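Summary of the model geometry
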Amino acid sequence: MNNNNPPKLAIVIPCYNEEAVLAYTLDHLRQYLQTLIDNHKITPDSFLYCVDDGSNDQTWSIITTQHQQFPNIKGLKLTKNVGHQNALLAGLLSIKNKIDCVISIDADLQDDVSAMEAMLDQLKAGYDIVYGVRTSRQKDSFFKRVTALTFYHIMKKSGADIVHNHADFRLLSQRVIASLNQYKERNLFLRGIFPLMGYRSTQVYYERHERLLGQSKYTLKKMIMLAWDGITSFSHIPLSLILALGVMSFFLSIVMMIWIFCAKIFTSSAVPGWASIMIPLCFMGGIQLLSIGIIGEYMAKVYLEVKRRPRFIKETELN
Ligand code: UDP
Ligand code: MG
C-alpha cells in the first residue's frame, strides 16, 4: 500500500442471532463507510463483511438481502456456532488477500463507529495495529466490571500483555492478518495474540455505549470460557501453583512426620490416633486431585492442538 493512496478497508462484523439489531447496524455502517469513501479515507471498493456464526434466526437472510441491495455488503456463513473469537478469525482470514486493512466491530454497535476515522489516521501514520480502548465502564453492570478487572489483573500477572479495556474493536493492517494466519493454535485468544506479534501499535479512545437492541450473546458460560481460555492459553501460573502447592505439602508432611515420630518416642500413651492418618490423607488427596485437574486442562489443550482440526468451516460466501 502506497502511503498516499487511501487503503482498501473491510469492516468485519461477527453476528450471532443479531436479527434485532443487524439491519440498523448495517445501514449505519454502510453510511459511515460511504462517508469515509467520500472523504478519500478509504478506496471506493471497501466493504462490510458479516460473519454469521451459525445463527438460528433471520441473521443470514438479512445479510443476503442487504448484499443483493448493496454490493459492498458481503458475508460469510459458518456451518455452526463456533464462538465470537473463531467467527472473527474466520472473517479475518477469509479476506486476508483482498484488503489493505480491517476493522473488527461487534454487531450491536456498542463501540463508537466514529472512532474508525481516527484508527485510519493512525494506520496512515504508520501503525499496523490500532486498539479501540473504552474510556469508562460505567455502562457495564457491576458484575461485568468486577469480573473484567479481575481477568485483566490475572492476565497481566501471567505475562500476557493484553491491552486494558480493549475488546475486539481494532484496526489491523494486511500484514498483521497475514501473520495471524501463521498462528495455528486451536485455542486462539485474539486479544493476547496481537500484542505478542510485535507490530507497531497504538490506541484510540472512545466511549462505549449500551447494546442498542437484542440481548448479549455472551452468556456467563461463554464469558467464563473466554477468560479460562485466555488464562490457560497464555499463562503458566496454574502449573506453577501446582509446584508451590507440592512444595508446601512436602514441608507440611515432613513437619507432621516429625510430630508423629516425637509423639511415638516421648509420650507414654502415644498411640497415634486416626487424625494423624486422616489429616495427611485428606490433605494429600485434595492437592493431588486439584493438581491432576489442572494438568488435565493443559492436556486437553495439547490434545486439541495435536488433532489440528479446522477452526471453522465455510458454508457460503458472498463476494
Ligand atoms: N458473537 C458471535 N458468536 C457467539 C457470541 C457472540 O459471533 O457465539 C458476536 C455477537 O453477535 C456480537 C459480538 O460477538 O457481534 C459480541 O457479542 P455481545 O455484544 O453479545 O457481547 P457483550 O458485548 O455482551 O460482551
Ligand atoms: Mg456487545
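Above this text is the structure in question.
Presented here is an overview of the structure given in this document. (Residues numbered from 1 in each chain as written. Chains lettered and ligands numbered in written order. Predicted model: local features only at pLDDT ≥ 70, side-chain atom pairs only at ≥ 80, totals over all residues. Heavy atoms only, no water.)

1. Considering the coordination of the magnesium ion (ligand 2)
Basically, it comes down to this: With water omitted from the atoms examined, metal sites may look incomplete; donors here are N, O and S atoms no farther than 2.8 Å from the metal, or 3.2 Å in the case of Na, K and Ca. Throughout, exposure labels follow a simple rule: accessible area from a 1.4 Å probe, protein chains only, divided by the maximum for the residue type, with under 20% read as buried, over 50% as exposed, and the rest as partly exposed.
Binding of the magnesium ion (ligand 2) to the protein goes through D108 (OD) and Q110 (OE1), at separations of 1.9 Å. One exposure class covers both D108 and Q110, and it is buried.

2. Notes on the sheet that holds strand β2 (residues 47-52)
Strand pairing in a sheet relies on backbone hydrogen bonds. The paired strands run either parallel or antiparallel. Selection rule: Strands are treated as partners if at least two bridges between them are detected by DSSP. For helices the rule is a DSSP run of H or I covering at least 4 residues; for strands it is a run of E covering at least 2, with both sets numbered from the N terminus onward. Each axis is a line fitted through C-alpha atoms, and for a helix only the stretch in contact is used; angles between axes span 0 to 180 degrees, taken between their N-to-C directions. Note on definitions: a residue-residue contact is assigned when non-hydrogen atoms from the two residues lie within 4.5 Å.
Ordered by their spatial adjacency, eight strands build an open sheet running β7-β5-β6-β4-β1-β2-β3-β8, and the pairing between neighbours is mixed. Of all strands in the sheet, those with a lone pairing partner are β7 (201-206) and β8 (314-318), marking the two edges. Pairs of neighbouring strands in the sheet enclose a mean axial angle of 20°, with direction left out of account. Pairing between strand β1 (residues 9-15) and β2: six bridges, direction parallel. Note that in β2 the partner of C15 across the bridge is D52. Along the sheet, helix α4 (residues 115-124) makes contact with β1, β4 (101-104), β5 (129-134), β6 (166-173) and β7, crossing β6 at roughly 45°. Contacts from helix α7 (residues 190-197) reach β5 and β6, with the element oriented near 40° to β6.

3. Side note on the nonpolar core
Condition: We define the nonpolar core as a collection of buried residues of types Ala, Val, Leu, Ile, Met, Phe, Trp, Tyr and Cys that are connected through side-chain atoms lying within 4.5 Å of one another.
One finds V12, L92, I95, V102, M155, L180 and F194 to be the most contacted residues of the largest nonpolar core, which totals 40 residues. A total of six residues in this core trace back to one element, the largest contributor, which is helix α3 (residues 84-94). If we ignore the near neighbours within four places in the chain, the residues touching F194 are L92, I129, Y131, R170, L172, V176 and L180. C15, Y32, L48 and L109 belong to the second-largest nonpolar core, a separate cluster that totals 35 residues.

4. Section: the site of ligand 1
Heads up, the rule is: The rule for a residue being near a molecule or strand is that one of its heavy atoms must lie within 4 Å of it. Identification of polar contacts relies on pairs of N or O atoms within 3.5 Å, with a donor-acceptor requirement for protein atoms, meaning one able to donate a hydrogen and the other able to accept it, and with residues adjacent in sequence counted only if both atoms are side-chain atoms. In these tables, accessible area is a Shrake-Rupley quantity obtained with a 1.4 Å probe, and a residue counts as shielded only by the protein chains included in the view.
As a structural note, the neighbourhood of ligand 1 is formed by 19 residues, with E18, D53, D108, S216 and K217 the closest of them. Measuring from an oxygen atom of ligand 1, one finds a backbone N or O atom of Y16 at 2.9 Å. The contact in question runs from an oxygen atom of ligand 1 to an N or O atom on the backbone of K217, over 2.4 Å. Surface burial for ligand 1 is 95%, taken as the share of its 530 Å² of free accessible area covered by protein chains.

5. Remarks on the packing of aromatic side chains
Our working rule: Each Phe, Tyr or Trp ring, with Trp reduced to its six-membered ring, pairs with another whose centre is within 6.5 Å; inter-plane angles below 30 degrees give stacked pairs, above 60 give edge-to-face pairs, and intermediate values give tilted ones.
One pass over the structure, following the stated rule, counts four aromatic pairs. With 6.2 Å between their ring centres and 75° between their planes, F47 and Y49 make a pair best called edge-to-face. Take F47 and Y49: they sit in the same class, and that class is buried. Ring centres of F169 and Y206 lie 5.2 Å apart, and the angle between their planes is 90°; this geometry places the pair in the edge-to-face category. Pair noted here: F169 is in strand β6 and Y206 is in strand β7, with a separation of 37 residues, a long-range link. Here F169 falls in the buried class, since its relative accessible area comes to 0%. Within the aromatic cluster, the residues linked to one another by ring pairs are F151, Y152 and F189.

6. Describing the environment of N5
As for its position among the elements, N5 is in the segment before β1. Along the sequence, N5 and H40 sit 35 residues apart, while their C-alpha atoms lie 8.7 Å from each other.

7. Structural notes on the environment of D168
Relative to the helices and strands, D168 resides in strand β6. According to the relative accessible area criterion, D168 is buried, its value standing at 2%. C-alpha separation for the pair D168 and L190, spaced 22 residues apart in sequence, amounts to 8.2 Å. If we skip the residues at most four places from it in the chain, D168 touches H84, Q85, L88, S104, I105, L190 and R191. In terms of polar contacts, D168 uses its side chain to reach the side chain of Q85, at 3.1 Å. Side chain to side chain, D168 and R170 meet in a polar contact 2.6 Å long.

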